[in-house]
Amino acid sequence: MLAHPAYVERVLVDDREAFEKTDDFTEAFGRGLVVVEGEEWTEQREFLQPLCYGDAIRAYADTMVDRIERRVDR
């Protein structure tokens, strides 16, 4: 678990070759954006990117808050 932004940057950007994704990692996270690389990563990123801008986030913000509050209550 990485909590500090500098550590995240090191693992995902600066020194990513030193932190290879193991078979267990792939098994746990499937073929999602966190796991794939190259062209497959680019395609997934381009598909998901519009969901990360103002109007899109505002459209599902209430649902996110509701789900978080329900989880906290449990």
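Criteria and cut-off values
- Residues numbered from 1 in each chain as written.
- Predicted model: local features only at pLDDT ≥ 70, side-chain atom pairs only at ≥ 80, totals over all residues.
- Heavy atoms only, no water.
- Patch = residues over 30% accessible without salt bridge, like charges linked within 9 Å, V, L, I, M, F, W, Y side chains within 5 Å.
- Areas by Shrake-Rupley, 256 points an atom, 1.4 Å probe, with all protein chains shown as cover.
- Salt bridge = Lys/Arg side-chain N within 4 Å of Asp/Glu carboxyl O.
- Helix = DSSP H or I, 4+ residues; strand = E, 2+ residues; numbered from the N terminus.
- Buried < 20%, exposed > 50% of the residue type's maximum accessible area, 1.4 Å probe, protein only.
- Lys, Arg positive; Asp, Glu negative; His and termini not counted.
- Charge placed at Lys NZ, Arg CZ, Asp CG, Glu CD.
- 1 Å grid on protein atoms, 1.4 Å probe; cavity = no way out; pocket = protein on both sides within 12 Å on 5 of 7 lines; lining within 4 Å.
- Points joined across faces, edges and corners; volume = space filled by probe spheres on them.
- Phe/Tyr/Trp six-rings, centres within 6.5 Å; stacked < 30°, edge-to-face > 60°.

- Per an unreviewed UniProt entry, the protein chain is named Cytochrome P450, and its organism is Salinigranum rubrum.

Describing a nonpolar patch on the surface
Working step 1: A grouping of Phe-47, Leu-48 and Leu-51 is seen on the molecular surface, where their side chains present a nonpolar patch of about 300 Å² in accessible area.
Working step 2: Residue placement: Phe-47 occurs in helix H3 (residues 38-48).

What to know about the pattern of salt bridges
Working step 1: Counting across every chain of the model gives 8 salt bridges.
Working step 2: Of the charged contacts in the structure, one is a salt bridge between Lys-21 and Glu-37, with a shortest N-O distance of 3.5 Å. With Lys-21 in the loop between helix H1 (5-14) and helix H2 (23-29) and Glu-37 in the loop between H2 and H3, this pair connects stretches of sequence that are 16 residues apart.
Working step 3: A salt bridge links Arg-31 to Glu-40; the nearest nitrogen and oxygen atoms lie 2.6 Å apart.
Working step 4: Residue class for Glu-40 comes out partly exposed when judged on its relative accessible area of 32%.
Working step 5: Linked by salt bridges that have partners in common, Arg-16, Glu-17, Lys-21 and Glu-37 make up one network.

What to know about a negative patch on the surface
Working step 1: Side chains of Glu-20, Asp-23, Asp-24 and Glu-27 sit close together on the surface and give a patch of like negative charge.
Working step 2: Note on placement: Asp-24 falls in helix H2.
Working step 3: The class for Asp-24 is exposed, based on a relative accessible area of 64%.

Remarks on the layout of surface pockets
Working step 1: There is about 570 Å³ of room inside the largest pocket.
Working step 2: Residue lining of the largest pocket: 17 residues in total, with Val-11, Leu-12, Lys-21, Phe-25 and Val-34 positioned closest to the centre.
Working step 3: The set of elements that each furnish at least two residues to the lining of the largest pocket consists of H1, H2 and H3.

Concerning the packing of aromatic side chains
Working step 1: Applying the stated criterion across every chain yields a total of 1 aromatic pair.
Working step 2: Ring geometry for Phe-25 against Phe-29: centres 4.7 Å apart, planes inclined by 40 degrees, an arrangement best described as tilted. Remark: Phe-29 and Phe-25 occur in helix H2; sequence separation between them is 4 residues, near one turn of the helix.
Working step 3: Given the relative accessible area of 27%, Phe-25 is considered partly exposed.

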